[in-house]
Structure formats: C-alpha cells, structure tokens
Amino acid sequence: MARRTFLGTLRLAILLAVLAFVALGAWLDRRRSTDWDAPLRVTVYPIAAADDAATRGHVAALAQQDFADVEAFFAEEADRHGLALREPVRVRVSHAAALPPQPPGDTGMLGVVTWSLRFRYWAWRVAMDDPLPTPDVQVFALYHPADGGTAVPDSLGLSKGLMAITHLYADPAAAGSNQVVVAHELLHTLGATDKYQRASGQPLVPEGLGDPDQVPRYPQRYGEIMAGRIALGAQEATIPDGLGRMLVGPVTARQIGWLQ
Ligand SMILES: [Zn+2]
C-alpha cells in the first residue's frame, strides 16, 4: 500500500516536472514570437477530417495562395498599429500531416493534460518529418464536408504552445470565413483572448467591436477578429464572409505585443 502511494507520488512529480519544462519552453517561444523583429513563420497543414472524395480533393488542392488573405490581413493591421515590420506573418502550406490525436471527450484535468502532451509530441514529429523548415507556429487545418449536415467542433488555439487546430469547411464558398478562423486561432497562439460572450457569441463592448466610437454604434461596419463576428445590434451579430471586414482592435494589439 505504501509502495503504491510512493509510486503514485513519483508519477505525479514526474508529470509536474514535464509540465513545468513544457510551460517554460512555451513561455520562451511566445516571447520570441511576439517581439516582431522578423516575420513570424506559420505553416498551415490542410488535413481532410472526412474520407469522402470531395473533401480529400479540396484539401489536396490547397496551396500557399489560398492563405494569402491571412498574410495581407496581418500586414495591413500591423501597419495600422504602427509596427515597422512590413511582413509580420509568412504563411506556408504543407501536406505532411495526417489527423492529429483526438482531444478527450470529457474534460477531466488529467485527460486534457495527457492529451495536450501527446498533441505537442505529435506536432513536433510532424515538423521533424516535414521537408519545410520548422515554423514558429503550426496550424492544423481540419476540413469537414460542406453539406451542412454536421456541426464542426470548436477550433482550438493553444495559448501556450504556438499551435492550433482549426475546423473548416471544404467548400470554395467558405474560403473567406475559413481564413477568419485561421487568423483568429493564430492570434490565440500569440496570446490574444476571445472578445465575445461565451453564451451568446455576441461581441463584447467595447473591445469586440470594430469601431466602438462609430455613430450610430450599430450596425458595425467592421468586426474585431477575436470577437469573430460583426455586431449588427446590441443582441445581433453576423459571421463575416472574409477578413476584409475584420480588424485587430487595440486590446488584441496590446496582447500580441504590437502596442505597449
Ligand atoms: Zn477564440
């Protein structure tokens, strides 16, 4: 009995030591990634989340130019906030990844911690096996059939670890909104927080609005990228059809190191 307790304690101590080590590494990576003295190198890995021919075909055809809007969005917004770096984000596309380990169904602490370590290890292996140089941020873009029959899971940007899993639709009509999701999750990896109400999805006031000082306030012409939607009224918001209608607000800009 005493021996088992000792082993249990030892296992917990090792797990905590691994976590402390991972957390320190993530902190150092984050510091390096938000100093903005060189372009942030992002690799997007398009992955088919379903086995049908349409989804696989859509994913196989995705290339660099399909994410050009993300690069342009970061360049424009960084410039608007006075950042000297002309090209803050450089996106490459790699087809070197298969499906990542699935997150646990229930959200028990130990299950989540174990999954996040497995996911990190898996992501590290993907980068090692990829002929492309190891990026600063990895975005695993899972594409689902666009039949509208199934709701896709929530996308996930690990705020400690410079990697994200995004759930997107394999449909040319969704290309614009897919880029909004990629930019949003990419910003999470750099330390940006959500700016919408959890329960309703409604953008927070003022930090979730494109222009809180607009008169009249609604409908907003632009949305804040971490709000994910454009507020049409105090209780009404719409999903944008592309990054052209989204902005990086001052709170997000501060969180990612663009403003002091
Ligand atoms: Zn979010």
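Residues numbered from 1 in each chain as written. Predicted model: local features only at pLDDT ≥ 70, side-chain atom pairs only at ≥ 80, totals over all residues. Heavy atoms only, no water.

Enquirer: Honestly, the nonpolar core in this entry has me stumped. Any pointers?
Expert: Looking at soluble globular proteins, one finds that nonpolar side chains tend to be buried together. By size, the foremost hydrophobic cluster in this structure holds 39 residues, and its most contacted members are Trp 36, Val 42, Phe 74, Ile 225 and Trp 258. Only strand S1 (40–48), helix H3 (68–80), strand S2 (89–93), strand S3 (137–144) and helix H5 (175–189) provide two or more residues apiece to this core. Considering every element that reaches this core, the biggest residue donor is H5, with 5 residues. Not counting the four nearest positions on each side in its chain, Ile 225 is found in contact with Phe 73, Val 180, Ala 183, His 184, Leu 187, Leu 243, Met 246, Leu 247 and Val 248. (Core = buried A, V, L, I, M, F, W, Y, C linked by side-chain atoms within 4.5 Å. Buried < 20%, exposed > 50% of the residue type's maximum accessible area, 1.4 Å probe, protein only. Helix = DSSP H or I, 4+ residues; strand = E, 2+ residues; numbered from the N terminus. Contact = heavy atoms within 4.5 Å.)

Enquirer: Just checking my understanding: could you explain the coordination of the zinc ion for this structure?
Expert: Think of it this way: four donors in a tetrahedron around the metal ideally sit 109.5 degrees apart, and six in an octahedron ideally sit 90 or 180 degrees apart. Here the zinc ion is held by His 184 (NE2), His 188 (NE2) and Asp 194 (OD), and the distances to it run 2.1 Å. In primary sequence terms, the donor set of the zinc ion follows H-x3-H-x5-D. You can see His 184 sitting in helix H5 and its partner Asp 194 sitting in the loop between H5 and strand S6 (223–224), a full 10 residues away along the chain. You can call Asp 194 partly exposed: its relative accessible area is 22%. (Donors = N, O, S within 2.8 Å, 3.2 Å for Na, K, Ca; no water.)

Enquirer: What should I look at first to understand unusual backbone geometry in this one?
Expert: It is generally the case that most residues other than glycine have a negative phi and that most peptide bonds are trans. In this structure, the amide linkage connecting Val 215 to the following residue, Pro 216, adopts the cis form with an omega of -10 degrees. Backbone torsion omega between Tyr 218 and Pro 219 reads -5 degrees, so that peptide bond is classified as cis. Residue position: Pro 219 is located in the loop between H5 and S6. Of note, Trp 36 is a non-glycine position whose phi angle comes to about 55 degrees, a positive value. Secondary-structure assignment places Trp 36 in the loop between helix H1 (2–33) and S1.

Enquirer: Help me understand the side chain of Ser 94, please; the structure alone is not making it clear to me.
Expert: Along the chain, Ser 94 falls in the loop between S2 and helix H4 (109–129). Residue classification places Ser 94 among the buried residues on the basis of a relative accessible area of 3%. With near-sequence residues (within four places) excluded, Ser 94 lies in contact with Thr 43, Val 44, Tyr 45, Pro 46, Asp 130 and Leu 132.

Enquirer: Would you take a moment to explain the packing of aromatic side chains for this structure?
Expert: Aromatic rings in a pair are described by how distant their centres are and how their planes are angled relative to each other. For the structure on display, the rule yields 9 aromatic pairs. With a centroid separation of 4.8 Å and an interplanar angle of 15 degrees, the aromatic rings of Tyr 45 and Phe 140 are classed as stacked. Taken as a pair, Tyr 45 in strand S1 and Phe 140 in strand S3 lie far apart in primary sequence, 95 residues in all. Tyr 45 sits in the buried class, given a relative accessible area of 1%. Using a relative accessible area of 0% as the deciding quantity, one classes Phe 140 as buried. On the numbers, 5.3 Å between centres and 15 degrees between planes, the contact of Trp 115 with Phe 119 is stacked. Residue Trp 115 and its partner Phe 119 are located together in helix H4, separated by 4 residues, close to a single helical turn. (Phe/Tyr/Trp six-rings, centres within 6.5 Å; stacked < 30°, edge-to-face > 60°.)

Enquirer: I would appreciate a short explanation of a nonpolar patch on the surface in the present structure.
Expert: Together, Phe 6, Leu 7, Leu 10, Ile 14 and Val 18 make up a nonpolar patch on the protein surface, roughly 450 Å² of accessible area in all. Note that Leu 7 resides in helix H1. For Leu 7, a relative accessible area of 43% corresponds to the partly exposed category. (Patch = residues over 30% accessible without salt bridge, like charges linked within 9 Å, V, L, I, M, F, W, Y side chains within 5 Å. Areas by Shrake-Rupley, 256 points an atom, 1.4 Å probe, with all protein chains shown as cover. Salt bridge = Lys/Arg side-chain N within 4 Å of Asp/Glu carboxyl O.)

Read these as spatial facts, not as claims about activity.
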